[in-house]
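Read off the chains here:
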Amino acid sequence: MTTNAERGSKVVTALRWTMSARLLGQIFTWASTLFVIRILSPEDYGLMAMAMVLIGLLTLIDTLGTDVVLVQKPDLSEHTR
């Protein structure tokens, strides 16, 4: 059985890993954005930004669980009804 101190230590370690992963992901996102800004014209970057808004909204809808509602079994047995 784990003690509260051991459990607290595991929580702190997990938080550090999570924070490090998110920070690294954010740095990568910023670096790739700056790179894309440099290689695209302002018009192309604006088009990409508009597309990313749509992709972001679709991702948000996906995380709400609508995929579970939309995908159903074509024929239900008595047990699954």
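What counts and how
Residues numbered from 1 in each chain as written. Predicted model: local features only at pLDDT ≥ 70, side-chain atom pairs only at ≥ 80, totals over all residues. Heavy atoms only, no water. Helix = DSSP H or I, 4+ residues; strand = E, 2+ residues; numbered from the N terminus. Buried < 20%, exposed > 50% of the residue type's maximum accessible area, 1.4 Å probe, protein only. Areas by Shrake-Rupley, 256 points an atom, 1.4 Å probe, with all protein chains shown as cover. Patch = residues over 30% accessible without salt bridge, like charges linked within 9 Å, V, L, I, M, F, W, Y side chains within 5 Å. Salt bridge = Lys/Arg side-chain N within 4 Å of Asp/Glu carboxyl O. Expected span 1.5 Å × (residues − 1).

(A) Highlighting the overall build of the protein. Secondary structure summary: the protein contains three helices and zero strands in total. When the helices and strands of the protein are listed from N to C terminus, the series reads α-α-α. Scored against the burial criterion, the 81 residues of the protein give a buried share of 0%. As displayed, the protein offers around 7,800 Å² of accessible surface, 70% of which is attributable to carbon and sulfur atoms.

(B) Expanded view of a nonpolar patch on the surface. Nonpolar side chains collect at one region of the surface, where Leu 54, Leu 58, Ile 61 and Leu 64 lie side by side and expose about 420 Å² of accessible area between them. Note on placement: Leu 54 falls in helix H2 (residues 42–63). Of the residues examined, Leu 54 reaches a relative accessible area of 51% and is grouped as exposed.

(C) Fine view of H2. Given a rise of 1.5 Å per residue, 22 residues ought to cover 32 Å, and the 31 Å separating the end C-alpha atoms of H2 matches this to within 8%. The positive-phi residue at the C-terminal boundary of H2 is Gly 65, with phi of around 95 degrees.

Function cannot be read off these values alone, since they describe shape.
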